[in-house]
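Working through the structure, step by step
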Amino acid sequence: SEIMTKAILCFLAVACLGAAATDPKEKEVLAAMDVYKNAMISRDGAALDRVLGSDLAYVHSGGQFETKANVIEGITKATTIIERLEFSGTTVRLYGNTALVWGRVDLWHSKTDFRHMNVLHVWVKGAQGWQMVSRQATKLAE
């Protein structure tokens, strides 16, 4: 019937709009993730200083622990080279001014040295905006 068709179309329109709408905080967190990603690739210590929290706990897939200073030094002093960094399957969960962002991260140090990982990034929004306060990486099984 025409009424049923209109009701179904109305329902589908509302469902699609709801799926497309994202929380403004989620967009802000994803933008901060982009700043982080681009800073790592371009070796931008100033951008990393802005986006990484002062008490950062950064854990690599091999278990190494680094502080904010360690991460920035490694990136800016050429001890860590990142040629490519890709995020996929990213999920954001917001808890007030805290965001958990996890998903797959593919990282290439070179064409032959790469990592495929699941990574959890923890972000907190404070006076400096969104800053990463923790990262935990786990290598994917072969």
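All values derive from a computational prediction rather than experimental measurement. Starting from 1, residues in each chain are numbered consecutively following that chain's sequence as written. Given that the model is predicted, a residue must reach a pLDDT of at least 70 before its local features are reported, and side-chain atom pairs must reach 80 or more before they are shown or counted; all residues, however, enter totals for whole chains, interfaces and linings. In computing side-chain values, all of the structure's heavy atoms are included and hydrogens and water are not.

Brief notes about the overall build of the chain
Helical segments are the DSSP runs of H or I of at least four residues, strand segments are the runs of E of at least two, and each set is numbered from the N terminus. Looking only at helices and strands, one finds four helices and six strands in the chain. From first element to last, N terminus to C terminus, the chain shows the α and β order α-α-α-β-β-α-β-β-β-β. Burial classes: relative accessible area under 20% of the type maximum marks a residue as buried, over 50% as exposed, and values in between as partly exposed (1.4 Å probe, protein chains only). Going through the 142 residues of the chain one by one, you find that 28% of them count as buried. Note on contacts: a residue pair is in contact if any heavy atoms of the two residues lie within 4.5 Å. The contacts of the chain with a sequence gap of at least 6 include a subset with a gap of at least 24, amounting to 46%.

Brief notes about the nonpolar core
We define a nonpolar core as any set of buried Ala, Val, Leu, Ile, Met, Phe, Trp, Tyr and Cys residues linked to one another through side-chain atoms lying within 4.5 Å. Core analysis: the biggest nonpolar cluster contains 28 residues, and Tyr36, Met40, Leu48, Leu52 and Trp123 have the highest contact counts within it. Taken together, the elements giving at least two residues each to this core come down to α2 (24–42), α3 (45–51), β1 (52–59), α4 (68–76), β3 (84–95), β4 (98–108), β5 (114–126) and β6 (129–139). The biggest single contributor to this core is α2, with six residues. Excluding anything up to four places from it in sequence, Tyr36 contacts Leu48, Val51, Leu52, Tyr58, Phe87, His121, Trp123, Met132 and Arg135.

Some points on the pairing of β3
Sheet analysis places β3 next to β4, joined by ten bridges and oriented antiparallel. Its bridge partner being in β4, Leu94 is matched across the sheet by Ala99. We treat two strands as partners when DSSP finds at least two bridges between them. Hairpin connection between β3 and β4: a loop of two residues separates the two successive antiparallel strands, and Gly96 in this loop has a positive phi of roughly 65 degrees.

As for the pairing of β4
Here eleven bridges tie β4 to β5, and the two strands are oriented antiparallel to one another. Its bridge partner lying in β5, Arg104 is registered against Asn118. Once β4 ends, the chain turns through five residues before running back antiparallel as β5.

Some words on the environment of Thr91
Within the secondary structure layout, Thr91 lies in strand β3. By relative accessible area, Thr91 is classed as partly exposed at 31%. A C-alpha to C-alpha distance of 5.6 Å links Thr91 and Val101, two positions ten residues apart in sequence. For Thr91, the residues in contact, after removing those within four places along its chain, are Leu100, Val101 and Trp102.

Here we look at unusual backbone geometry
With phi around 65 degrees, Arg43 is a residue other than glycine that occupies positive phi space. Using a relative accessible area of 27% as the deciding quantity, one classes Arg43 as partly exposed.

Looking at the sheet that holds β3
The strand order β2-β1-β6-β5-β4-β3 describes an open sheet built from six strands, whose pairing is mixed. With one partner strand each, in any of the chains shown, β2 (65–66) and β3 form the two edges of the open sheet. Most of the contacts of α2 go to β3, to which it runs at about 150 degrees, and overall it touches β1, β3, β4, β5 and β6. Packed onto the sheet, α4 meets β1 and β2 and runs at close to 80 degrees relative to β1. To obtain an axis, a line is fitted to C-alpha atoms, over the contacting stretch when the element is a helix, and the angle between two such axes runs from 0 to 180 degrees between their N-to-C directions.

Re α2
In this analysis, the expected span of each helix is defined as 1.5 Å times one less than the number of residues it contains. In this model, α2 (19 residues) spans 27 Å end to end at C-alpha, consistent with the 27 Å of a helix rising 1.5 Å per residue. Residues of α2 that are buried: Val29, Ala32, Met33, Tyr36, Ala39 and Met40. Looking straight down α2, one finds its buried side chains confined to an arc of 130 degrees; they lie on one side. For α2, the exposed residues lying more than 90 degrees away from the buried face are Pro24 and Lys27. Whenever a nitrogen or oxygen atom comes within 3.5 Å of another N or O atom, the pair is scored as a polar contact, on the condition that within protein one atom can donate a hydrogen and the other can accept it, and that pairs from neighbouring residues in sequence are kept only if both atoms are in side chains. Of the residues flanking the start of α2, the one acting as N-cap is Asp23, its side-chain oxygen 2.7 Å from the backbone nitrogen of Lys25. At the exit of α2 stands Arg43, carrying a positive phi of roughly 65 degrees. Along the arc lie the directions from the helix axis toward the C-beta atoms.

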